[in-house]
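Topology and contacts: notes
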Amino acid sequence: MSQPHLPVETLGEAEVAAELTHLAAEIARHDEAYHGKDAPEVSDADYDALRRRNDALEAAFPALIRDDSPSKRVGAPVSSGFPKVRHEAPMLSLGNAFSDEDVAEFDQRIRRFLGLTADDALAYTAEPKIDGLSLSLRYEKGELKVAATRGDGQEGENVTRNALVVEDIPKRLTGDAPDVLEVRGEVYMSHADFAALNERNEAAGQKVFANPRNAAAGSLRQLDSNITASRPLKFFAYAWGVLSEPLAGTQSGSVARLKELGFQTNNYMARFKSADELVAHYHKIETDRASLGYDIDGVVYKVDDLNLQRRLGFVSRAPRWAIAHKFAAETAVTVLEGIDIQVGRTGALSPVARLKPVTVGGVVVSNATLHNEDYIAGLGGDGQPIREGRDLRIGDTVVVYRAGDVIPKVMDVDLERRPTEAEPYAFPDTCPECGSPAPREAGEAIRRCTGGMTCPAQALERLKHFVSRAALDIDGLGAKQVETFWKDGWIADIADIFRLQENYGSGLSQLKNREGWGEQSATNLFAAIEDKRTIDMDRLIFGLGIRHVGETSARMLARSYDDWDAFIAAMDETADTEAETNAALENLMNIDGVGDTMAAALVGFFADPAARAIVNDLTEQLTIVPLEAAQTDSPVVGKTVVFTGTLERMTRAEAKAGAEALGAKVAGSVSKKTDILIAGPGAGSKLKKAEDLEIETLTEDEWIVLIGA
Ligand code: IVH
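Cut-offs and rules
- Residues numbered from 1 in each chain as written.
- Predicted model: local features only at pLDDT ≥ 70, side-chain atom pairs only at ≥ 80, totals over all residues.
- Heavy atoms only, no water.
- Near = heavy atom within 4 Å.
- Polar contact = N/O pair within 3.5 Å; in protein donor to acceptor, adjacent residues only side chain to side chain.
- Areas by Shrake-Rupley, 256 points an atom, 1.4 Å probe, with all protein chains shown as cover.
- Helix = DSSP H or I, 4+ residues; strand = E, 2+ residues; numbered from the N terminus.
- Nonpolar A, V, L, I, M, F, W, Y, C, P; charged D, E, K, R; others polar.
- Salt bridge = Lys/Arg side-chain N within 4 Å of Asp/Glu carboxyl O.
- Buried < 20%, exposed > 50% of the residue type's maximum accessible area, 1.4 Å probe, protein only.
- Axes fitted to C-alpha atoms, helices over the stretch in contact; angles between N-to-C directions.
- Parallel < 35°, antiparallel > 145°, perpendicular 65-115°, else oblique.
- Left-handed = near helix turned anticlockwise from the far one by under 90°.
- Contact = heavy atoms within 4.5 Å.
- Core = buried A, V, L, I, M, F, W, Y, C linked by side-chain atoms within 4.5 Å.
- Pairing = 2+ DSSP bridges.

Notes on the site of the ligand
As a matter of local geometry, the ligand sits amid 14 residues, with Glu127, Ile130, Arg150, Glu186 and Tyr238 nearest to it. For the ligand, an oxygen atom lies 2.8 Å from a polar atom in the side chain of Glu186. Between the ligand and the protein, one listed contact pairs an oxygen atom with a side-chain N or O atom of Tyr238 at 3.3 Å. For the ligand, the protein covers 88% of the area, taking 520 Å² as the surface of the free molecule. Elements supplying a minimum of two residues to the shell around the ligand: β3 (124-130) and β10 (296-303). The greatest single-element share of the shell around the ligand, amounting to four residues, is contributed by β3. Of the residues in the shell around the ligand, the class split is seven nonpolar, two polar and five charged.

Points about the pattern of salt bridges
Pairs can form between side chains of opposite charge once their charged atoms are near each other. This structure, assessed with the given rule, holds 38 salt bridges. We note a salt bridge from Glu26 to Arg29, for which the minimum N-O separation is 3.6 Å. Taken together, the residues Glu26 and Arg29, both in helix α1 (residues 13-36) and three residues apart, mark about one turn of the helix. Of the residues examined, Arg29 reaches a relative accessible area of 41% and is grouped as partly exposed. For Arg393, the salt bridge identified is with Asp391, shortest N-O distance 3.0 Å. You can call Arg393 buried: its relative accessible area is 17%. In the salt-bridge network here, residues are joined through shared partners; they are Glu88, Arg138, Glu140, Glu182 and Arg184.

Quick word on the packing of helix α20 (residues 583-590) against helix α21 (residues 596-607)
The interhelical angle for the contact between α20 and α21, taken along N-to-C directions, is 135°, at an axis separation of 9 Å. The angle between α20 and α21 falls in the class oblique. For the element pair α20 and α21, the recorded crossing hand is right-handed. On α21, the residues that touch Leu585, Leu588 and Met589 of α20 are Asp596, Ala599, Leu602 and Val603. Here the residues of the contact of α20 with α21 are counted per class, giving six nonpolar, no polar and one charged.

Remarks on the environment of Val603
Structurally, the position occupied by Val603 is in helix α21. Note on Val603: relative accessible area 17%, which makes it buried. Separated by 243 residues in the primary sequence, Val603 and Val360 have C-alpha atoms spaced 46 Å apart. Those residues in contact with Val603 that sit more than four places away from it in its chain are Thr574, Ala575, Leu585 and Leu588.

Here's the deal with the nonpolar core
Of all hydrophobic cores here, the largest spans 62 residues; its most connected members are Ile497, Leu544, Trp564 and Leu588. For this core, the leading source of residues is α21, giving seven residues. Residues contacting Ile497, with those up to four places away along its chain left out, are Leu463, Phe466, Val467, Ile474, Leu477, Ile491 and Ile529. Membership of the second largest hydrophobic core comes to 33 residues, among which are Leu144, Leu181, Leu233 and Leu258.

Remarks on the sheet that holds strand β4 (residues 133-140)
In spatial order, the strands read β5-β4-β7-β8; together these four strands make up an open sheet with antiparallel pairing. Pairing within the sheet leaves two strands with one partner each, and these edge strands are β5 (143-149) and β8 (234-243). Ignoring strand direction, the axes of neighbouring strands in this sheet form an average angle of 30°. The pairing of β4 with β5 spans six bridges and is antiparallel.

Looking at the pairing of β10
In terms of burial, β10 is a largely internal element, eight of the eight residues being buried. In this sheet, β10 lies alongside β3 in antiparallel orientation, the contact comprising seven bridges. Note on β10: the bridge partner recorded for Thr125 is Lys302. Across five bridges, β10 lies against strand β13 (residues 322-326) in antiparallel orientation. Bridging across to β13, Lys302 finds its partner in Ala322.

What follows is the structure in structure tokens.
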């Protein structure tokens, strides 16, 4: 929460200068967290308050405006990993309005600037402000050439390969398009897709995104476009950059043209003739907000006539002809009736608030996340107090917050309304499902059930994970169906899925008589299961739900071993602690992306007899297809390569992604198995070792020639 501010009029120069210094640093930090790391630390409302305060101080003391003032720049510097693209026309930001009066003032300002009276006609458009990330798409002769993120507004990241896999983004424009056309709009993720992605990630022990915006940003900025392709991103077009010829004479006409050219445009965009009409439309959108199915954080108003837009121009970081009318942050007060503990696939105990149902921004909320034990106790991730150290107790009156987030949070507590008998919450130290001890690992805020294969909750979550989209992906057998089969004892372990027909499908009599199943759907299910008896090795590894092994790591592992038998044999060898050196373990750790934590998780998993019984039982049912190298005609297929020293033509991440796309394995250190070392300036011990082992060594340029990039 931001601190209360002293009125500007009461401040002297020295105080203002000090506060501006503080604000510049603070806002820069939040910009970096939001744009650079996709992990904002403050709510939009708090962030906007900081910016407004900065603007107010600068307006009163223009002489004190700093060179590094947040008002002079947009967003955060681009983060590395992708090649940079300079925007030919900068990507700008929008000023904000927070009240109906602010909107009236916006209209008056524009009229003043243009010399129009209150009675002169002046049309605006109004449309939802999509809470995603902006993207600039450059088309030349109707073909998508470059897609770039906003970055700092001047220079963004080249994410073309990823944009090419987003369905809403046309690769070719339909109809008559200007030769050069930069379309701008917002990449976003729908609520439903966000929830499904998080469910999938959670089951896989992967990053769970705080909100759809972060999920969209994280998905678009993947170095592996296969990952982007597996994330359901959407795109709305609402603006443009450079154009070889105008699309139309108005904002609304231009957006209509974008629609004709094949883009999705927003249905709520409409044209209005007064500030009152704009505000009325704002309230209509606000009412419908909860049912849109995607996050919006306000309504954007734009002057419709492009000639007037040109005359109005820009002030520092934003156009004078547009403004964003923001929604108020959504909070509500209710009672914390209980705390439920959910047990995840890897045993993590997650506390969930059971709330007296309350409407927050048009949505009835009865559950909210409480993150972990520390959060309930009033401690943040860094061990520092949050909520000034106030803990949460059952019976408390709490503030529930829902902004952008689909999962609401319990944000604060009203101590004055705490029942006298309320006691500090004692977080369970055993698993509520199986009773096994649930200790915290050093440095972790999460308690984890140690029941492993014996914990029923983990077993069910593992099953759900196994049938998830990135793993087995069986049509008609989702988390819901698995749960009912499991509850009825039809499926106890993953292998049972493949015995479903044998055990319960005789003449379909049993399954087709179950609620929700008929002859057709039962037949389809069995056919779909049969179809998945042949499974890709990477999907299988991922589907086992080993902690720390996500989709990407699973693919990397599958690529690093010739086939399943080789993989299992290697895993068995890794557990052999007798020998002095363990070559299998060294090989495993040598796979790029496999660190100590993941290696330990793999070794532990395959050494656990209960896990091995489940795996063996399963693999007997399956035909496992080894992962073929991505490209078979590249000169580096199947080669193990190591990069060392400074790369000058690309980032390390880009080099790695490129090598892998050509079917090479990228390792972190040099060994006898290394085929090629690519050494840039400053290469040291790895180069020496490669020379000793007589391994082929290339410069970065020679490597680029070799792969024909
Ligand atoms: S117009 C020159 N329209 O909001 C003005 N922006 O705060 C260009 N945004 O960077 C922006 N929905 O990422 C515009 N309907 C909409 C929008 C929108 C979301 C984002 C966009 C922009 C940011 C400015």
